[in-house]
Structures are given as structure tokens and as C-alpha cells.
Amino acid sequence: MNRRSLVAIAALSALAASAPALAQSGKDIRIAHIYSNTGPLEAYGKQTAIGFNLGLEYATEGTMMVNGRKLVVLEKDDQGKPDVAKSLLSAAYSDDKADLAVGTSSSGAALAMLPVAEEYKKLLVVEPAVADSITGDKWNKYIFRTARNSSQDAISNAVAQDKDGTSIVLLAQDNAFGRDGMTAFKESLKKAKVVGEEYLPPATTDFTAAAQRILDKFKGQSGRKVVYIVWAGAANPFKVSDLGLKSGGIEIAGGGNILPALVNYKPFPGMEGSIYYYFGIPKNPVNEWLVSNHYKKYKAPPDFFTAGGFAAATAIVTALKKTGGDTSTNKLISTMEGMSFETPKGKMTFRKEDHQAMQSMYHFKIKVDPAFAWGVPELVHEIKPEEMNIPIRNKR
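This is a predicted model, so every value here is computed, not measured.

S.K.: Help me understand the packing of helix α3 (residues 82-94) against helix α4 (residues 107-120) in this model?
M.R.: When two helices pack together, their arrangement is given by the angle between the helix axes and the distance between those axes. Running from amino to carboxyl end, α3 crosses α4 at an angle of 30 degrees, the nearest separation of the two axes being 8 Å. The angle between α3 and α4 places the two elements in the roughly parallel class. Helix-helix and strand crossings are classified by hand; for α3 and α4 the assignment is right-handed. For the pair formed by α3 and α4, the contact residues are P82, A85, K86, L89, S90, Y93 and S94 on the first element and G108, A109, A112, M113, V116, A117 and Y120 on the second. Considered class by class, the residues forming the contact of α3 with α4 number 10 nonpolar, 3 polar and 1 charged.

Written as C-alpha cells, this is what we have:
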């Protein structure tokens, strides 16, 4: 074969290799965002959607483009129902031709979505569902999570609660979020002892019977007594304090939450815990942009899950910029494993082993400020990723 033929073959091979990239150039990048626009976690879902859209605006400098390709967001409401979330994701990948997806608000719904991502071999960025099993035993290689997990919640909250001479009763919802959270919390305790556990239906609003059982579990215990609460949704489990606990000298503790829920923290000045995000804590340019622009658009500060949606967006845009707009799954996976990206909380990094975003958490103490309707989480200490030994649970 002569030199001219060899050159021609080489040119054809190069053209064939670049064909997928050429085919993608200029084509819209379709991102399905599945979340609870209605249902018990509606507030969480709506915040996530606002944050995701603001994050895309920030990361693309207002163009909504990456490498000449327009970002198109397909919003879908799973109502917090696992079967609906699963069906919507399948339709997004197949019928809507989504290149990747983000979701969802409920841990149960997110767990139902994981096998769908594996079936279609397309990325799912999990935000804001928390259950450890999502990046644990139910994980597959198509799953990346920008949300914190139960272990990050638990280990950072143990910083505030794990003290000698402390007896703790756990109060949580009887679902993946509640049980995974408490399992991780118990694993994190070194000094305090758990003397009881209460798991209630997620829709519980009357805590009278639970309060009596909690009181019974503290009988015979000396020293500091704490009820540690993990709860999601509109109900106020902090009511247990007024059902005999306060008069018994029993403290209430829990992790941070959205601003409407932090209203329930106001009667507990000095209460300590750990929070994923509070708009007044992080000091960095990304958070300054988010707070400023959220105030301009919504006349209110960004909330807990707004920051999470924003982080999911900056993660995706960072990855797409690195791939030159290439949305092929294997390319995205290899790019995102170990990738760092900027968020309102500062830098996050996807851990290669399980694709969990390593991130800071914030040890807080509740302060009462007349200017705010809620108890203000005042920073005690930023708990950085290297200060938390977050278990790898996926046995990869």
C-alpha cells in the first residue's frame, strides 16, 4: 500500500473518531430535572428547582450554553412518589432523549430511580435526597450525588452531641431518610450512649404518644439527656419538648433545616447541631452571587435546598466544559470522578470510589435575633471534608 493510501486511511479514521463529537456540536443538551413540585416535600423540591436554574445561569454566565450547545431543562413533578419518579426518569431518558438527569427530593423516590439510570446507561445527579444507601449498597456507576449523605449529616451532628455523660433518644421518620440517618449517627457516637429509638410514620403530626415513650426511655438515666431529631417535611417534631420533656430537663437537638422549619428552633436558643447550608454562613464569591441574585428575584434569602440545586448545576456545567460539551456517558463519568467544582458552600469534590460529593458542614448554635422569624444558626465551626471520615458503603 502506497503512502497516499495510508494517509487517506488515517484521515478517514480520524474523521470517524470525531463523528460523535461533530454530531453533538450545536445540538441541545437536554437535562431532565425530576423533583417534588407537589407532595409532602414540595418546599424542598421548589427550592431545588430555583437553585438549579440559578446555578445554570451563574455557571454559564447567563448564556445557558456550553461549547455552542444550548442547555434545555425538562422539569417533571414526581409528587414524592417512588413509582412516579421511576416512570418519569424512564420516559425522560427514552421519550425525551434526555442526556442526563437530576433528582430527586425524596430518598425513597431517588432509590427507585437508580436502576433506571443503570438500565439506560445515563447519568443521574442525585440532589437533594440524603439516604446513605443511594451512594451505598444501592449505588451504580451512573450515580453522582451533590447532596450531602446521611453519614455527613450524622458525623457533623455528632460533633455537637457526642459528650461524656450524655444519654440520647433518637426520633426520626420511619423511612430510608430517617433510618439511614440514625444508623449513621449511632455509628458516629464515641462517648454518648443511645438509650432508645422512636421511628414514626412520615406523616405524623401528633407526637403525644411518642413523647411519653421517650420519657419512659430516659427513666433511670442520669446526666445530660437529649432527644436527637431527624425529620423532613412540614410537621414540627420539636413539639415533644412541650409534652413533658422540657419539664424533665431533657434537651432537644437536631440538624439544620429550611427557614420555615428553623422557626421551630427559635424557642431553643443555644441549641447546637450541624447544618448543610445557611445563607449567612459561607463566605465566598459564589454564595455572594446567589444571595444577591436570589434577593433581587425573590425578595428573600436563598434557602437550604436552593444551595443544593445550585451545586448540582455547577457540577454539571463544570463537567460539560471539561468535556467540550460532549455528553457521552463514559466521558462524563471519567471526567466527574475526582472532579472539584465551586458551589455556594465552597469547593466540593466527587469522591472517585462512590461519586459522593465531599463538602463542608457547619456546626451551629441557635441565636435569637428579633430581625428574623427563625432561630438563626450562628457558626461555631466549619467542619471541612478532611475532618470527617465519611464511610464508603458501596463495596465497589
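S.K.: Please explain the pairing of strand β8 (residues 193-200) as it appears in this structure.
M.R.: Bridge count for strand β7 (residues 166-173) against β8 is 7 bridges, and the pairing is parallel. Residue pairing across strands places Q173 opposite L200, the latter belonging to β8. After leaving β7, the chain enters helix α6 (residues 176-188) and then returns to the sheet as β8, a path that is right-handed.

S.K.: Help me understand the packing of aromatic side chains, please; the structure alone is not making it clear to me.
M.R.: The geometry of an aromatic ring pair is captured by the separation of the ring centres together with the interplanar angle, meaning the angle of the planes. As enumerated under the stated definition, the model contains 15 aromatic pairs in all. For the ring pair F238 and F268, a centre distance of 5.8 Å and an interplane angle of 50 degrees mean the geometry is tilted. Here the residue F238 occupies a position in the loop between β9 (224-230) and β10 (251-254), and F268 occupies one in the loop between α8 (259-262) and β11 (272-275), the gap between them amounting to 30 residues. The exposure class assigned to F268 is buried, which follows from its relative accessible area of 15%.

S.K.: What exactly am I supposed to notice about the nonpolar core here?
M.R.: Inside soluble globular proteins, nonpolar side chains tend to come together where they are buried. L124, V227, Y278 and M336 are the most contacted members of the largest nonpolar core, which totals 119 residues. In terms of residue count, helix α10 (residues 304-322) provides more of this core than any other element does, 12 residues in total. Once you skip the residues sitting within four places of it in the chain, M336 turns out to touch L123, V125, F144, A319 and F350.

S.K.: Would you explain the sheet that holds strand β6 (residues 143-145) in this entry?
M.R.: Strands sit in the order β2-β3-β1-β4-β5-β6 across an open sheet of 6 strands; the sheet is mixed. Of all the strands in the sheet, just β2 (65-66) and β6 have a single pairing partner and so form its edges. For strand β1 (residues 29-35) and strand β3 (residues 69-77), the ladder comprises 7 bridges, and the chain directions are parallel. Bridged to H33 within β3 is E75. Contacting β1, β3 and β4 (100-102), helix α2 (residues 42-59) crosses the sheet at an angle of about 160 degrees to β1.

Scoring rules and cut-offs
Residues numbered from 1 in each chain as written. Predicted model: local features only at pLDDT ≥ 70, side-chain atom pairs only at ≥ 80, totals over all residues. Heavy atoms only, no water. Axes fitted to C-alpha atoms, helices over the stretch in contact; angles between N-to-C directions. Helix = DSSP H or I, 4+ residues; strand = E, 2+ residues; numbered from the N terminus. Parallel < 35°, antiparallel > 145°, perpendicular 65-115°, else oblique. Left-handed = near helix turned anticlockwise from the far one by under 90°. Contact = heavy atoms within 4.5 Å. Nonpolar A, V, L, I, M, F, W, Y, C, P; charged D, E, K, R; others polar. Pairing = 2+ DSSP bridges. Right-handed = clockwise from strand over helix to strand, strands pointing away. Phe/Tyr/Trp six-rings, centres within 6.5 Å; stacked < 30°, edge-to-face > 60°. Buried < 20%, exposed > 50% of the residue type's maximum accessible area, 1.4 Å probe, protein only. Core = buried A, V, L, I, M, F, W, Y, C linked by side-chain atoms within 4.5 Å.

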